[in-house]
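Chain by chain, the residues:
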Amino acid sequence: MSLRNKVNLKKKMKKGLGSLLVLTAVSAGAFAQANAVKADEQVSMKEGTVLHAWCWSFNTIKDNMQAIKDAGYTSVQTSPINQVVVGNGGNKSLKNWYYQYQPTLHTIGNYQLGTEEEFKEMNRVADQYGIKIIVDAVLNHTTSDYNQISPEIKKIPNWTHGNKEIKNWNDRYDVTQNALLGLYDLNTQNPQIQQYLLNFLKTAVADGADGFRYDTAKHIELPGEYGSNFWNVILNNGSEFQYGEVLQDSISHEADYSKLMSVTASNYGNQIRNDLKDKRAAAGNLMNYQAQGVDPSNLVTWVESHDTYANDDQVSTWMSDDDIRLGWSMITARAKGTPLFFSRPVGGGNGTRFPGQSQIGDAGSDLYKDPTVKAVNKFHNAMVGESEYIRNPNGDEQVAMIERGNKGAVIVNLGNGDKQLNSDTKLADGTYTDQVSGRQFNVSNGHITGNVSSRSSVVLYDAKPDGTAQVSIDGYKEGDNSISAATEVTLKAKNAESATYKLDNGQEVAFQDGDKITVGEGLEAGQSTSVTLTATGADGQAITKTYTFTMKDPSAETNIYFQNPDNWSEVYAYMYSAKDTKLLGAWPGTKMTKDSTGRYTISVPASYAEEGVKVIFTNNQGSQFPQKEGFDLKAEGVYSKSGLVPAVPAGKTRVTFDNPGGWDNANVYLYYGNPVQTPLGAWPGTQMTKDDAGNFYLDLPEEYADANAKIIFNQPGTSNQFPYSVGFDLVKSGNYNKDGLK
Ligand SMILES: [Ca+2]
Ligand SMILES: [Ca+2]
């Protein structure tokens, strides 16, 4: 419902209903947000760096969370968490890593990483440190061993595309619909398989996961390819960051995948390794992400992956720790992409893949927290939003300098000799301390001088010392801090030499970490109060943050909706309190108003939803739903004949289609743009859900409506469709019948 309609509706209702409903506008602004005067160093998952804790168990990741945080990572990527083939008698040698990619059942926990309880506990601890968890999700295939595949999967009719091996790697059909290395290819077009896998992802999110890496994503067809809508379904799992392993080749279509999620920059990784091998990195090569049609911010970059390291061809196993430090410095200094650091086995590299010093479940080598790696990670986080300039100082390709705005630079010397730097720069004039060596660099008049040791990285910027003070209020949530009475809150201060709080424009009062104060005393409904916290750290830097609380308005309203499946000409909502059988208006109740989407709606006090109010919908001509005791009134509830209609997921909008008569199924075909995009798949499109009144609905991403999409409802397997020519305009929350919008 548009804002204008809402206002009109309120005007009408005010006239018609008198004092029954107290109508007070609730503006979105009532829920004020924290106003950070000084930006916290909160970095989104996409803009941060990821530690690929390859083969680390859940407990190992948990036990190293402090070190991971200190090393500057914002996310950790796990190995696959689902049930897998227990290979080689459960032997934990890292040589058996690949059994992780042989799913047998999509429940959480396996012999390599630990139990679901341990997974949850890891996520809980990660939250405490502000570390996000990315789960490696294997959705393309199961194991190749048919007997090991769980009956749970095999009982789904048509669960697999079979195990016929991919022969032609230049053929999209072969690559997506046949089996990789004989691993049974899941029938990703099958809605039951989609729901089965979506459930797994949602469970992981409910357990605390924040993102997914989709293994072999290139082997799962794109929306509209071979009648599939797999990704449209799967990606709506509630996570914050998702990327696909789309190893680049002639048929990889990474530009198309990148419109759905981030994708792996495998060609760029190859280029970086070539630069390391050559000990020179031409600025032009370093700049070129080699991913045509992909917005670089949608790339996951790496120096190496677990595949380049651990597969039998050992593409990157030759690299030394020095190589990785230098390569990581180059990709992580850059402005775009999400860098992924592969944790090698202890002692691994220089051509040795599995030295046997660590096993599955253990932490990898300490390189992930090496001082250079750490300094570069922190540089990456501190430079979010700064532009990028890449050059070879004085044309020397053994040295690469990646500058960020005029604030910072990472300088990498790939060669075997020290370099005396004497180069143009965009850095602001001043003295900079290398965050790795502590050595000084000078910039004056756009010229930088200093010494860069052989095979090393220099990280220059004005880094905040780790002792910077932080303040917070326990339990404060951005965007929703309404209170219903004066409320006690706990003030937090970290690394603070001194800290004060101030209520609105009052006096500053000193506080200690953990002190409690009361906010909202004497506050009228709808009014806000603010708490401003200031703390000064050992470094002398002060931080100030303001938090706002708003008193709930007891006269606030909510809406309820009725879909009117039988097309009554008038709809009334009869409401009564179940607690005291108090009538909220005599039969037939209050007349509802038809909104722009065809539903009938009424605005009621928000308190109804909390006071056990029941509602019966009637046409006042002998028909009503339900027949006896009313439905529970729910804020913003949408009702049909048998009660509440399932809520629409965030970011989606629901379209409904009235059964034109006798249809068992309805599909919706959707298209927009030039060239035409069909995100719900080729004709006949995507199947809708049938509701209890025999009508159909489907939840669609809201952006389709913004893209001026058109839709055609059709009965699969027949020539019945509405409309017969150009589709109806897709309207958010649109309710359609065969003639169009109701
Ligand atoms: Ca496939
Ligand atoms: Ca989490």
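Only a predicted model underlies this, so the values are computations on that prediction, with no experimental measurement involved.

Caption draft 1: Representation of the overall build of the protein in the model. Helix and strand counts for the protein stand at 15 helices and 50 strands. Compactness check: the protein gives a C-alpha radius of gyration of 30 Å against a globular reference of 27 Å for 742 residues, within 12% of the reference. In terms of overall dimensions, the protein has a C-alpha envelope of 90 × 75 × 50 Å along the principal axes. Considering the protein as a whole, with its 742 residues, one finds that 43% of them fall into the buried category. By sequence separation, contacts in the protein at least 24 residues apart represent 69% of the contacts at least 6 residues apart.

Caption draft 2: Seen up close, the sheet that holds strand β11 (residues 241–244). Reading around the circumference, β2-β3-β7-β10-β11-β12-β13-β14 is the order of the 8 strands in this closed barrel, with parallel pairing throughout. Neighbouring strand axes in the sheet, compared pairwise and without regard to direction, differ in orientation by 25° on average.

Caption draft 3: View of the domain arrangement of the protein. Domain annotation of the protein identifies domain 1 (3–26 + 554–644), domain 2 (50–382), domain 3 (388–460), domain 4 (468–550) and domain 5 (652–741). The interface of domain 1 with domain 5 comprises 8 residues on the first partner and 10 residues on the second.

Caption draft 4: Up close: the UniProt feature "domain: Glycosyl hydrolase family 13 catalytic" (unreviewed entry) in the protein. Under the present numbering, the feature "domain: Glycosyl hydrolase family 13 catalytic" (unreviewed entry) in UniProt falls on residues 48–380. Secondary structure within residues 48–380 divides into 32% helix and 15% strand; the distance between the first and last C-alpha atoms comes to 7 Å.

Caption draft 5: Spotlight on unusual backbone geometry. Residue Trp 587 is joined to Pro 588 through a cis peptide bond whose omega torsion reads 10°. Considering the arrangement of structural elements, one finds Pro 588 in the loop between β32 (572–577) and β33 (590–591). Phe 722 connects to Pro 723 through a cis peptide bond whose omega is -10°. Locating Pro 723 in the fold gives a position in the loop between β47 (721–722) and β48 (728–729). Of note in the backbone geometry, His 253 takes a positive phi value of approximately 50° without being a glycine.

Caption draft 6: The nonpolar core, seen in detail. In this structure, Val 76, Met 330, Val 410 and Ile 411 are the most contacted members of the largest nonpolar core, which totals 104 residues. Looking at which domains feed residues into this core, each of domain 2 (50–382) and domain 3 (388–460) gives three or more. Non-local contacts of Ile 411, meaning those with residues more than four positions away in its chain, are made with Val 399, Met 401, Leu 421, Val 452 and Val 458. Counting residues in each nonpolar core, the second largest holds 25 residues, with Phe 562, Tyr 572, Ala 573 and Tyr 639 among its members.

Caption draft 7: Here's a closer look at the pairing of strand β7 (residues 132–137). By the criterion of burial, β7 is predominantly enclosed, with 6 of the 6 residues buried. The alternating pattern of β7 places Lys 132, Ile 134 and Asp 136 on one face and Ile 133, Val 135 and Ala 137 on the opposite face, and all of these are buried. Sheet topology places strand β3 (residues 75–77) next to β7; 3 bridges connect them, and they run parallel. Pairing of Val 76 across the sheet is with Ile 133, part of β7. Sheet topology note: the β7/strand β10 (residues 211–214) ladder contains 4 bridges and is parallel. Within β10, the position partnered with Asp 136 by the bridge is Arg 213.

Caption draft 8: Up close: the sheet that holds strand β19 (residues 430–433). Spatial strand order, β18-β21-β20-β19: 4 strands in an open sheet with antiparallel pairing. Taken across any chain shown, the strands that pair with only one partner, and hence form the sheet edges, are β18 (419–424) and β19. Within the sheet, the average angular offset between the axes of one strand and its neighbour, ignoring direction, is 20°. The pairing of β19 with strand β20 (residues 440–444) spans 4 bridges and is antiparallel. Each bridged residue has a counterpart across the sheet, and for Thr 433 the counterpart in β20 is Gln 440.

Caption draft 9: Spotlight on the packing of helix α13 (residues 321–332) against helix α14 (residues 371–382). Relative orientation of the contacting elements α13 and α14 amounts to 5°, with a least axis distance of 10 Å. What the angle tells us is that α13 and α14 run roughly parallel. Contact residues: α13 offers Arg 325, Trp 328, Ser 329 and Thr 332, while α14 offers Thr 372, Val 373, Val 376, Asn 377 and His 380.

About the cut-offs
- Residues numbered from 1 in each chain as written.
- Chains lettered and ligands numbered in written order.
- Predicted model: local features only at pLDDT ≥ 70, side-chain atom pairs only at ≥ 80, totals over all residues.
- Helix = DSSP H or I, 4+ residues; strand = E, 2+ residues; numbered from the N terminus.
- Rg over C-alpha atoms; globule rule 2.2 N^0.38 Å.
- Buried ≥ 20, exposed ≤ 12 C-beta atoms within 10 Å, placed from the backbone.
- Contact = placed C-beta atoms within 7 Å.
- Pairing = 2+ DSSP bridges.
- Axes fitted to C-alpha atoms, helices over the stretch in contact; angles between N-to-C directions.
- Domains from an automatic or database assignment.
- UniProt positions renumbered as here; feature names shortened; annotations may be inferred.
- Core = buried A, V, L, I, M, F, W, Y, C linked by C-beta atoms within 7 Å.
- Parallel < 35°, antiparallel > 145°, perpendicular 65-115°, else oblique.

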